[in-house]
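# Chain and residue survey
So you can see what is in the structure, the chains are spelled out below.
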Amino acid sequence: MTKQARLTSKGQITIPRDVRRALGVRAGDKLQFEQEGKAFRVTPIRKHSPFAKYAGIGAAGIAGGRKGIVRWVRTLRGK
């Protein structure tokens with residue numbers, strides 16, 4: 001993928017949408033710039049796992065799907 005961006009007088013650039021999507025970054029995310037000779041490598045800085053928000057979803061012993069959850073709730077209620 002080859003994309004271009006223009007540098008403003010304040011030293012800012014707008015990262016093209018396709019590049020942002022490929023990097024998986026959004027507004028407020030931090031990027032790291034590493035120099036390799038005359039080129040630079042840009043990588044997003046990840047402080048936590050992108051899967052951390054899914055931790056704890058699904059519990060052992062409960063069948064998946066709506067029917068399994070309804071069955072589990074009924075057993076809790078003694079029905």
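Residues numbered from 1 in each chain as written. Predicted model: local features only at pLDDT ≥ 70, side-chain atom pairs only at ≥ 80, totals over all residues. Heavy atoms only, no water.

## Notes on the overall build of the protein
Scanning the protein from terminus to terminus reveals 2 helices and 2 strands. For the protein, the sequential pattern of α-helices and β-strands runs α-β-β-α. Principal-axis analysis of the C-alpha atoms places the extent of the protein at approximately 70 × 25 × 20 Å. The buried share of the protein, taken over its 79 residues, is 3%. Long-range contacts, defined as pairs at least 24 residues apart, comprise 0% of the intrachain contacts of the protein with a sequence gap of at least 6. Carbon and sulfur atoms form 53% of the exposed surface of the protein, whose accessible area is close to 7800 Å². Mean positive and mean negative side-chain charge positions of the protein (19 and 4 charges, respectively) differ by 17 Å. (Helix = DSSP H or I, 4+ residues; strand = E, 2+ residues; numbered from the N terminus. Buried < 20%, exposed > 50% of the residue type's maximum accessible area, 1.4 Å probe, protein only. Contact = heavy atoms within 4.5 Å. Areas by Shrake-Rupley, 256 points an atom, 1.4 Å probe, with all protein chains shown as cover. Lys, Arg positive; Asp, Glu negative; His and termini not counted. Charge placed at Lys NZ, Arg CZ, Asp CG, Glu CD.)

## Focus: a nonpolar patch on the surface
Taken together, the side chains of F33, F40 and V42 present a nonpolar region at the surface, about 320 Å² in accessible area. Among the secondary structure elements, F33 is positioned in strand 1 (residues 31–36). By relative accessible area, F33 is classed as exposed at 55%. (Patch = residues over 30% accessible without salt bridge, like charges linked within 9 Å, V, L, I, M, F, W, Y side chains within 5 Å. Salt bridge = Lys/Arg side-chain N within 4 Å of Asp/Glu carboxyl O.)

## Here's the deal with helix 2 (residues 65–77)
For helix 2, with 13 residues, the first-to-last C-alpha span of 19 Å sits near the 18 Å given by 1.5 Å per residue. Phi turns positive one or two residues past the end of helix 2, at G78, with a value near 80°. (Expected span 1.5 Å × (residues − 1).)

## A word on the pattern of salt bridges
With the rule as written, the count across this model stands at 2 salt bridges. Put simply, D18 and K3 hold a salt bridge, and the shortest N to O gap is 3.0 Å. Of this pair, D18 sits in helix 1 (residues 17–23) while K3 is found in the segment before helix 1, placing the two residues 15 residues apart along the sequence. What makes K3 partly exposed here is its relative accessible area of 43%. The shortest N-O distance in the salt bridge between R41 and E36 comes to 2.7 Å. R41 gets classed as partly exposed once you look at its relative accessible area, which sits at 43%.

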